[in-house]
Amino acid sequence: MSAIFVDNISKKFRIPHEKKNTVFQNIIGLIKRQFDYEEFWALKDVSFEVNKGEALGIIGRNGSGKSTLLKILARVLYPDSGSVSLDGKIASFLELGVGFQPELTAQENVYIYSSVLGMRRKQVDRVYDNIFDFAELKKFENMKLKNFSSGMYLRLAFSTAIHATPDTMLIDEVLAVGDEAFRKKCRDKMNQFKAEAKTIVFVSHDLNSVKELCQRSIFLHEGKIVTMGDTEKVISDYLAMLQGETHNT
Amino acid sequence: MWQYRELIRNLTFADLKNRYQNTALGFFWSLLSPLLLAGVLYFFFRHIFGREENFAINLLVGLMAWRFFTTGTASSLGAIVGKAGLVTKVYIPRQILVLSSVLANLIGSLLEFIILLPIIFALLGHLPVTVLLFPLIHFVYFWLIFGVGLLLSSLYVYFRDVNYIWDVLVNILFFCTPIFYPLSIIPDYLLPYYLLNPITQFIGIYRDVMVAGALPSLYSIVIVVGFAVAAYLVGSLVFSKLQRRFAEEM
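Only a predicted model underlies this, so the values are computations on that prediction, with no experimental measurement involved.

**Let's talk about the overall build of chain A**
Right, so step 1: The helix and strand tally for chain A stands at eight helices and nine strands.
Right, so step 2: Along the first, second and third principal axes, the C-alpha set of chain A runs to 60 × 50 × 40 Å.
Right, so step 3: Counting only residues that meet the buried cut, chain A has 41% of its 249 residues in that class.
Right, so step 4: If you take every contact in chain A between residues at least 6 apart in sequence, the share linking residues at least 24 apart comes to 72%.

Take a look at the structure:
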């Protein structure tokens with residue numbers, strides 16, 4: 001059974017020579033006949049499949065299309081061609097604490113963030129105490145979020161996110177924030193999700209955590225898949241390419 | 001969208017809480033501006049139109065109805081751009097952001113009209129039975145505003161001066177709508193065009209059912225329902241086309 005099926009997707013970005021973002025500039029542009037922009041293919045003919053319960057890593061240099069790919073899976077961006085089919089409940093962790101409102105209390109924000117992640121109020125009620133216990137923030141539940149330190153903010157967001165019990169998780173570097181203790185907590189939780197046979201797509205520059213979490217990986221370069229398969233092999237290809245580049249320059 | 005009803009509710013109440021600064025008094029503060037405007041308009045125009053029947057009440061009803069339109073469209077205009085995180089970092093049906101913003105305004109407007117009822121009662125000596133039709137009219141009005149909100153909020157992502165343009169249009173519309181003057185001062189040759197303005201028709205209907213105790217004419221019902229349906233269809237069509245590239249444009 002595949003949880004994610006990506007069929008031949010491409011994504012093109014338009015980079016205008018002059019950014020026009022008002023009606024006024026567009027009218028001027030029409031008069032002067034400037035519509036020129038450059039096209040940039042962030043992804044080109046990418047196809048792959050992720051099975052249920054599998055963790056897939058995506059690696060590549062900056063600008064190779066990793067985040068674009070993840071955003072397409074998260075249905076934030078739409079591909080220009082090709083199709084994506086996703087199965088089950090998906091949670092995208094492109095950023096933690098999406099929808100948090102500084103003027104509201106921690107308690108209210110937990111309910112808001114949970115509903116962003118598609119949870120019902122009753123489901124949140126059941127895990128409410130666990131969320132605050134895991135985040136170690138029980139005594140701050142009635143404090144306004146604007147008074148939280150960035151570490152507290154992050155812990156609350158992460159704790160809420162992991163209690164949303166999705167079937168598939170899309171993770172983009174969120175583990176790379178916070179102090180060492182927090183990162184360890186995140187790694188433990190990811191491994192637990194893996195043991196519970198959740199589907200994970202993991203984008204990271206941290207090759208060690210990719211190796212630890214994912215059996216299979218994809219190496220993206222300039223919007224195309226270079227290698228796909230066993231993580232060890234993919235990482236060595238990636239490192240070989242990085243080596244080659246430093247030799248050339 | 002139904003499966004996200006929890007989110008719609010949360011965003012609506014968060015919006016209300018932010019607007020009224022978490023206090024019950026916040027709502028009364030928000031009433032201050034339309035009441036002051038009503039007072040000023042009454043003070044200056046009573047000498048000219050004061051002999052019109054129920055000038056003061058009609059002015060208040062007109063202003064409250066107008067207010068739902070301006071605050072509803074203005075706050076939904078920024079509903080997408082103002083919640084960038086919910087657009088670029090996570091998937092939710094994006095109409096929700098506009099819907100919850102208009103819903104928060106709907107609740108605010110309902111409260112304002114409820115406050116209006118005892119005032120009407122005090123000034124008129126009775127409340128017409130036709131006031132029971134109010135929820136129905138308000139529901140149609142809500143769809144018009146939601147439709148306009150969908151259109152404006154999606155255009156605003158691409159054109160960041162839409163808010164200024166809309167401000168100007170709304171100001172012009174204010175003077176083209178019989179809020180502080182009676183319809184009778186409009187010359188006959190202009191009247192047919194004048195009556196095509198849906199806000200004129202809405203305000204007329206509110207005054208009919210809340211003050212005059214009359215049923216709205218079939219013509220005005222056709223106009224308001226027609227505009228509400230058209231605004232919603234156009235708004236959601238444009239929105240669903242434009243929303244595909246929201247995340248890139250923000």
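Let's pick the thread back up.
**Some points on the packing of helix α2 (residues 24-49) of chain B against helix α3 (residues 55-77) of chain B**
All names here are of chain B.
Right, so step 1: Two elements in contact, α2 and α3, have axes separated by 10 Å at closest approach and are oriented at 140°. On the basis of the axis angle, α2 is oblique to α3. The handedness of the crossing between α2 and α3 is right-handed. Of the residues in α3, those touching α2 at P34, L37, A38, L41, Y42, R46 and F49 are F55, A56, L59, L60, L63, M64 and R67.
Right, so step 2: Considered class by class, the residues forming the contact of α2 with α3 number 12 nonpolar, no polar and two charged.

**Re the nonpolar core**
Right, so step 1: With 131 residues, the main nonpolar core has A:V201 and A:F202 as its most contacted residues.
Right, so step 2: By residue number, the principal contributor to this core is helix α6 (residues 134-158) of chain B, which donates 12 residues.
Right, so step 3: Among all residues touching A:F202, those that are not within four sequence positions of it are A:A55, A:L56, A:G57, A:I58, A:I171, A:V210, A:L213 and A:C214.

**Quick notes on the pairing of strand β5 (residues 90-93) of chain A**
All names here are of chain A.
Right, so step 1: Side-chain alternation along β5 places I90 and S92 on one buried face and A91 and F93 on a second face that is also buried.
Right, so step 2: In this structure, β5 lies alongside strand β6 (residues 168-172), joined through four bridges in parallel fashion. Counted as the bridge partner of F93 is I171 from β6.

**Points about the interface of chain A and chain B**
The figure often quoted for interface size is the accessible area lost as the parts come together.
Right, so step 1: Contact with chain A, which involves 26 residues of that partner, is made by 22 residues of chain B.
Right, so step 2: Among the elements of the structure, α1 (23-32) and α3 (106-116) of chain A are those that each provide at least two residues to the side of chain A that touches chain B.
Right, so step 3: The element that contributes the greatest number of residues to the side of chain A that touches chain B is α3(A), accounting for four residues.
Right, so step 4: Residues of the side of chain A that touches chain B, tallied by class, amount to 13 nonpolar, seven polar and six charged.

**Focus: the domain arrangement of chain A**
Residue and element names in this part refer to chain A.
Right, so step 1: Under the domain assignment used here, chain A contains domain 1 (2-88 + 167-248) and domain 2 (100-165).
Right, so step 2: When each unit is reduced to the centre of its C-alpha atoms, the spacing between domain 1 and domain 2 is 28 Å.
Right, so step 3: Each side of the interface is counted separately: domain 1 has six residues, and domain 2 has five residues.

**Some words on unusual backbone geometry**
In most cases, non-glycine residues show a negative phi, while peptide bonds are predominantly trans.
Right, so step 1: The backbone of A:E222 sits at a positive phi, close to 50°, despite the residue not being glycine.
Right, so step 2: For B:N54, which is not glycine, the phi dihedral falls at a positive 50°.
Right, so step 3: Topologically, B:N54 is positioned in the loop between α2 and α3.
Right, so step 4: In this structure B:N54 comes out as partly exposed when scored by C-beta crowding, with 15 C-beta atoms within 10 Å.

**Focus: the sheet that holds β6(A)**
All names here are of chain A.
Right, so step 1: Spatially, β5-β6-β7-β3-β8-β9 is the arrangement adopted by the six strands of the open sheet, whose pairing is mixed. Edge positions in the sheet fall to β5 and β9 (224-230), since each of these pairs with one other strand and no more. Pairs of neighbouring strands in the sheet enclose a mean axial angle of 15°, with direction left out of account.
Right, so step 2: Across the face of the sheet, helix α2 (residues 66-73) comes into contact with β3 (55-59), β6, β7 (199-203) and β8 (216-221) while running at roughly 150° to β7.

Rules and cut-offs
- Residues numbered from 1 in each chain as written.
- Chains lettered and ligands numbered in written order.
- Predicted model: local features only at pLDDT ≥ 70, side-chain atom pairs only at ≥ 80, totals over all residues.
- Helix = DSSP H or I, 4+ residues; strand = E, 2+ residues; numbered from the N terminus.
- Buried ≥ 20, exposed ≤ 12 C-beta atoms within 10 Å, placed from the backbone.
- Contact = placed C-beta atoms within 7 Å.
- Axes fitted to C-alpha atoms, helices over the stretch in contact; angles between N-to-C directions.
- Parallel < 35°, antiparallel > 145°, perpendicular 65-115°, else oblique.
- Left-handed = near helix turned anticlockwise from the far one by under 90°.
- Nonpolar A, V, L, I, M, F, W, Y, C, P; charged D, E, K, R; others polar.
- Core = buried A, V, L, I, M, F, W, Y, C linked by C-beta atoms within 7 Å.
- Pairing = 2+ DSSP bridges.
- Domains from an automatic or database assignment.

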